[in-house]
Amino acid sequence: MVLRGTNQEQARPYNRRIVLECIRNGGPATRGDIAARVGLTVQTVSTIVRELEDQNYLLSVREAPKGRGLPPTTLRLNPDGGYAVGISITPLGVEAALMNLAGDMLGSAARSHAHASPNAAFALIGELVAEMRALRQDGRILGVGLAMPGPFDVQSMSFVGPTTLDGWAGVPVRARLEEVSKLPAFIAADTVAAALGVRLYGEGAGIGQFYYLHFGVGLGGTMMQDGVPVRGAWGNAGEIGHIPLMPGGRLCPCGNAGCLERYLSLDAFSNRPDGQSQAEWVAEVTPIFHSAIQTIENLFDPQAVVLGGIAPGELITDLVATTAVLPSSISARYDRTTPRVIASTGRQSVMRGAAALAVSGVLSPRQEITSSPDRAQKRDPFSNGLAA
Ligand SMILES: [Zn+2]
């Protein structure tokens, strides 16, 4: 998908987003390149660019001269034009990182706290945000993004059981985050945040269609289509952990039996039988893991499945190593240019994606002017001013 601008004066905030996203996704570009890519006049692009340069968000660099005439100037994001704090909360604890506009992580910190209550968690978040802000005392901190496990608003699945934030139902997360951080606050499902991080700064860069499989305390995932997460009617599409893959299998707190994440997740890994090694566990879950990959491929037809998450890198690598030989699916093609399954071992994708949400949310406010709000947008808890 190519984002297109609109040549109407009242559409300036929308066009600003389009121009920024164009540079963020496509890399350094000239005013003419940008105008051609997004369908705006060069004059409109120049006005927006001047504004963004004045505010220090963009840098223009004149290229080395080749032949006669002035070489064009290319525009790039100013890495130190702003910073955002990304936070990941899981049933294990809270982590935070400070990211610049180029996606570089400038520092991170973590606090272990099993199944933190909202009060305990927000106290920790307040401390961590202060620590991260102190890393760039004179810098412009744009906002804070928080990633948390889903699914959301589902009876029997949300905020129930060991892989969720048990007891968090009804907590006004965004308001409390704003209160403790004193910053513009944004929230997302951990799978969506991590998928964005992988797409913007990781193994998903340059892959238009990929399914991001998030190996967390539970198991989730998100289909990324042209850089945009596929969300479904209520924002929970791709939450694969509760697919009942094993008829009559292990009981799940959701009320069903044989759910995928009862077998494939950090929760399942940490509950493996005493004495079972990592290699033995991987061998045991390989058939289930491969069934999950086949299911994802047949449903979404992705260019690749990217396996990442907060699991240790060597566990991700061991699982991906089993996919050298995979059963057939619609993805078993002769003309593939990427492996069917790719490892993403950067555990920081969740925090990067969460920070990226804050950057997008502040710098590129979403303004829907091409479509009227429909049911999906209203029901999706994260559609309001959020996400790529
Ligand atoms: Zn379940």
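Thresholds, definitions, all that
Residues numbered from 1 in each chain as written. Predicted model: local features only at pLDDT ≥ 70, side-chain atom pairs only at ≥ 80, totals over all residues. Heavy atoms only, no water. Salt bridge = Lys/Arg side-chain N within 4 Å of Asp/Glu carboxyl O. Pairing = 2+ DSSP bridges. Helix = DSSP H or I, 4+ residues; strand = E, 2+ residues; numbered from the N terminus. Axes fitted to C-alpha atoms, helices over the stretch in contact; angles between N-to-C directions. Contact = heavy atoms within 4.5 Å. Donors = N, O, S within 2.8 Å, 3.2 Å for Na, K, Ca; no water. Tetrahedral: all angles 85-135°; square planar, octahedral: opposite > 155°, others 65-115°. Buried < 20%, exposed > 50% of the residue type's maximum accessible area, 1.4 Å probe, protein only. Phe/Tyr/Trp six-rings, centres within 6.5 Å; stacked < 30°, edge-to-face > 60°. Lys NZ or Arg CZ within 6 Å of the ring centre and 35° of its normal. Core = buried A, V, L, I, M, F, W, Y, C linked by side-chain atoms within 4.5 Å. Domains from an automatic or database assignment. Right-handed = clockwise from strand over helix to strand, strands pointing away.

**Q** Is there a simple way to explain the pattern of salt bridges in this structure?
**A** One side chain can pair with another of opposite charge once the charged atoms of both are near each other. Taken as a whole and assessed by the stated rule, the structure comprises nine salt bridges. By sharing partners, the salt bridges in this structure join Arg111, Glu127 and Glu131 into a single network.

**Q** Mind showing me how you'd approach the sheet that holds strand 6 (residues 141-148) here?
**A** Each strand in a sheet pairs with another by means of backbone hydrogen bonds, the pair being arranged parallel or else antiparallel. If you walk across this open sheet you meet the five strands as 5-4-3-6-7, and the pairing is mixed. Two strands bound the open sheet, and with one partner strand each, they are strand 5 (105-112) and strand 7 (185-189). Each neighbouring strand pair of the sheet contributes to a mean axis angle of 20°, computed without reference to strand direction. Docked against the sheet, helix 4 (residues 118-134) engages strand 3 (83-90), strand 4 (93-100), strand 5 and strand 6, running at close to 155° with respect to strand 5. Lying on the sheet, helix 6 (residues 190-201) is in contact with strand 4, strand 6 and strand 7; it crosses strand 7 at an angle near 100°.

**Q** Any chance you could explain the coordination of the zinc ion here in plain terms?
**A** A metal bound by six donors in octahedral fashion has ideal angles of 90 or 180 degrees, whereas one bound by four tetrahedral donors has an ideal angle of 109.5 degrees. Every protein donor of the zinc ion is accounted for by His242 (ND1), Cys252 (SG), Cys254 (SG) and Cys259 (SG), and the metal-donor separations fall at 2.1 to 2.3 Å. Seen from the zinc ion, its four donor atoms lie at angles of 105 to 117°, and the figure they make is tetrahedral. Summarised as a motif, the one-chain spacing of the donors to the zinc ion is H-x9-C-x1-C-x4-C. Assessed through its relative accessible area of 8%, Cys252 is described here as buried.

**Q** Just checking my understanding: could you explain the packing of aromatic side chains for this structure?
**A** Remark: the centre distance and the inter-plane angle together describe each pair of aromatic rings, the angle taken between the planes. Following the criterion strictly, the structure yields four aromatic pairs and no others. Where Phe269 meets Trp281, the ring centres are 4.9 Å apart and the plane angle is 70°; that geometry is what we call edge-to-face. On the criterion of sequence distance, the pair formed by Phe269 in helix 7 (residues 266-270) and Trp281 in helix 8 (residues 278-300) is long-range, its members being twelve residues apart. Exposure remark for Trp281: the relative accessible area of 3% places this residue in the buried category. Among the aromatic side chains, those forming a connected cluster through ring pairs are Phe215, Phe269 and Trp281. Here Arg272 stacks its cationic end above the ring of Phe269, 4.1 Å away from the centre of that ring.

**Q** Would you take a moment to explain the nonpolar core for this structure?
**A** Across soluble globular proteins, nonpolar side chains show a tendency to be buried alongside one another. Ranked by size, the top nonpolar core spans 80 residues in total, and within it Ile87, Trp168, Leu213 and Phe215 carry the most contacts. Among the elements that make up this core, the one with the highest residue count is helix 8 (eight residues). Both of domain 2 (81-193 + 350-379) and domain 3 (203-345) provide at least three residues apiece to this core. Those residues within four positions of Trp168 in sequence are excluded, and the remaining contacts are Ile89, Ala116, Ser117, Pro118, Ala121, Phe122, Met148, Phe159 and Val173. Core analysis: the second largest hydrophobic core is formed by 30 residues, Cys22, Ile23, Leu40 and Ala358 among them.

**Q** What exactly am I supposed to notice about the pairing of strand 11 (residues 304-309) here?
**A** The side chains of a regular strand alternate, first on one face of the sheet and then on the other. Burial runs high along strand 11: six of the six residues are buried. Of the two faces of strand 11, both are covered, the one formed by Ala304, Val306 and Gly308 as well as the one formed by Val305, Leu307 and Gly309. Here strand 8 (residues 209-215) pairs with strand 11 via six bridges, running parallel. When the sheet's bridge partners are listed, Phe215 is paired in strand 11 with Gly309. Pairing analysis gives three bridges linking strand 11 to strand 12 (residues 341-343), with the strands arranged parallel. Counterpart to Val306 in the pairing with strand 12 is Ile342. Crossover connection from strand 11 via helix 9 (residues 313-321) to parallel strand 12: handedness right-handed.

**Q** Explanation requested: the environment of Ile288 in the structure shown.
**A** Turning to its location among the elements, Ile288 is positioned in helix 8. Along the sequence, Ile288 and Leu260 sit 28 residues apart, while their C-alpha atoms lie 7.7 Å from each other. Not counting the four nearest positions on each side in its chain, Ile288 is found in contact with Leu245, Met246, Leu260 and Tyr263.

**Q** Help me out: how do you make sense of the sheet that holds strand 8 in this one?
**A** If you trace the five strands from one edge of the open sheet to the other, you get 10-9-8-11-12, paired in mixed fashion. Each edge of the sheet is formed by a strand with only one pairing partner; in this case those strands are strand 10 (228-229) and strand 12.

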